[in-house]
Amino acid sequence: MIRLPAHAARAIARLEAAGFETWAVGGCVRDSLRGAAPHDWDLCTAARPEQMQAVFAGERVLETGLKHGTLTLLTDGGPLEITTFRADGGYSDGRHPDGVRFVGHVQDDLARRDFTVGAMAWHPERGLYDPFGGQTDLQNGVLRAVGDPDTRFQEDALRILRAVRFASQLGFSVEPETAAAMRRQAARLDCIAAERIREELTGMLCGRFVQRALMEFADVIGCVLPEVTPMFGCAQQNPHHLYDVWEHSVRATGQVPAEPVLRWSMLLHDCGKPACKTVDGNGVGHFYGHPKVSREIAAQITRRLRFSGEDSARILLLVEQHDRPLGDTDKLVRRRLSRIGEGRFRDLLAIKKGDAVGQGTHPEDIAWLYDMETRLNRILAADACLSLRQLAVNGNDMVSLGLSGPAVGEMLRALLDAVIDEQADNTRDALLAFARARMEEQHDE
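Here the structure is a predicted model, which is why all the values come from computation and not from measurement.

Asker: How do you make sense of the overall build of the chain when you look at a structure like this?
Answerer: Of the regular secondary structure elements, the chain holds 21 helices and 13 strands. In terms of C-alpha radius of gyration, the chain reaches 29 Å, well past the compact-globule figure of 22 Å for 445 residues. Along the longest, intermediate and shortest principal axes, the C-alpha atoms of the chain span 95 × 65 × 40 Å. Put simply, of all contacts in the chain between residues at least 6 apart along the chain, 64% involve residues at least 24 apart.

Take a look at the structure:
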């Protein structure tokens, strides 16, 4: 039993009172049947666009989608997209229908949808309408294309990545004919806008079942991320690694929090390894310089997929620094915190944890990283001085000592280093004395 929210039930009742059959459709029905709260509610109706306008005259509506039969009704319960029953025309660009044709029955509308689990409709009185077996597929955790799968993916190639995203987020298996068609049509993804590819891949990477999806559909992922294909089957031949570069990266990706930047960074952190691989006389693999090469490859990807400047900068920093030590003493940790800040430090710690788990060889490394986190929390709890603004002196104090220009900043940074290294207490008197002594030393030189 699906419980429609009041604003959706009222809209259905209003359209049907005017004589137009109306249903809740798509993802809201799918999510409700699997016990998840829908993000939004979509309706489809026999009413044509001008008839919807008449029914909701005087209400707050957005009419930007009317030429495709969609009106957005703005309600106190949230926006409702209401669309006329329709069938799509040809898809000459492999993404959008060239036109739409309004039809008279909900089944014709459901037949144009991508997967059976999203091709169901619900009515508060008539109940579930499921002409393509979506409820059975939902219960069995199966993702199946509606009708001929090749046709569905030829119409809109982005559906291929949507299938991988659903597999990652919901843990569904992809029905064999649907999976085969995804691979046959994957080359069509080159016509999809970079932003849409990034959105689908990000949703996939943040899924609970991302490891399974990445391993099963690596070849599909390689069609939109060709830079990662050298990782496939690249043996590491190294006592620190149990898996090849791709499987290691996949396992590591699933071990970091499902935050987009962390997941992307983990997927790409070793993408430069194949280009850097050497094997010594003992048959041991080495990957000297791979963080820098990985960063260069990651930069190509973030540019092409049009990541924001902020997300790109975070990803590139984490990829480049994933192999650098964070420090095994309080002094070294304070130094690193001072340079990169708490946020980036915690990001790198998460990346290092994922990397260690993904290696599958040395559990003691994971325990050491948890000890590092304890050290970090202790240092932060002690409110250690880690930045210039936390110093007990400022630029005016340096000017009063006779410094000017760049020498002011240089002295403040020297004082911060002294506090971090426990060479001076963070008190005004101690820092002024340290600064005077340093100035005298420089004068004597």
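Asker: Explanation requested: the side chain of Thr-84 in the structure shown.
Answerer: Counting through the fold element by element, Thr-84 comes out in strand S5 (residues 78-84). A polar contact of 2.7 Å, which involves the side chain of Thr-84, links it to the backbone oxygen of Ala-47. If we skip the residues at most four places from it in the chain, Thr-84 touches Thr-45, Ala-46, Ala-47, Arg-48, Pro-49, Met-52, Gly-69, Phe-102 and Asp-109.

Asker: Explain the nonpolar core to me, please; I cannot follow it from the model alone.
Answerer: In globular proteins that are soluble, nonpolar side chains generally tend to be buried together. Core analysis: the biggest nonpolar cluster contains 99 residues, and Leu-201, Leu-214, Leu-225, Trp-264, Leu-268 and Leu-305 have the highest contact counts within it. Considering each element in turn, this core owes the most residues, 9 residues, to helix H17 (residues 330-359). Not counting residues up to four positions away in its chain, the partners in contact with Leu-201 are Leu-161, Ile-221, Val-224, Leu-225, Trp-264 and Leu-305. Within the second largest apolar cluster, 18 residues are counted, among which are Cys-385, Leu-391, Leu-416 and Leu-431.

Asker: Looking at this structure, how should I read the packing of helix H9 (residues 194-205) against helix H13 (residues 260-268)?
Answerer: If you want to describe how two helices pack, look at the angle between their axes and the distance between the axes. Relative orientation of the contacting elements H9 and H13 amounts to 90°, with a least axis distance of 9 Å. Regarding the angle of H9 to H13, the classification is roughly perpendicular. Of the residues in H13, those in contact with Arg-198, Leu-201, Thr-202 and Leu-205 of H9 are Pro-260, Arg-263, Trp-264 and Leu-267. Along the lines of polarity and charge, the residues of the contact of H9 with H13 split into 5 nonpolar, 1 polar and 2 charged.

Asker: What is the right way to look at the sheet that holds strand S3 (residues 61-62) in this model?
Answerer: Backbone-to-backbone hydrogen bonds pair the strands of a sheet. The strands run either parallel or antiparallel. Strand order in the open sheet formed by 7 strands is S3-S4-S5-S2-S1-S8-S9, and the pairing between neighbours is mixed. With one partner strand each, in any of the chains shown, S3 and strand S9 (127-129) form the two edges of the open sheet. Taken together, the 4 bridges between strand S1 (residues 22-25) and strand S2 (residues 41-45) define a ladder with antiparallel strand orientation. Within the sheet, the bridge partner assigned to Trp-23 lies in S2 and is Cys-44.

Quick notes on the rules
Residues numbered from 1 in each chain as written. Predicted model: local features only at pLDDT ≥ 70, side-chain atom pairs only at ≥ 80, totals over all residues. Heavy atoms only, no water. Helix = DSSP H or I, 4+ residues; strand = E, 2+ residues; numbered from the N terminus. Rg over C-alpha atoms; globule rule 2.2 N^0.38 Å. Contact = heavy atoms within 4.5 Å. Polar contact = N/O pair within 3.5 Å; in protein donor to acceptor, adjacent residues only side chain to side chain. Core = buried A, V, L, I, M, F, W, Y, C linked by side-chain atoms within 4.5 Å. Buried < 20%, exposed > 50% of the residue type's maximum accessible area, 1.4 Å probe, protein only. Axes fitted to C-alpha atoms, helices over the stretch in contact; angles between N-to-C directions. Parallel < 35°, antiparallel > 145°, perpendicular 65-115°, else oblique. Nonpolar A, V, L, I, M, F, W, Y, C, P; charged D, E, K, R; others polar. Pairing = 2+ DSSP bridges.

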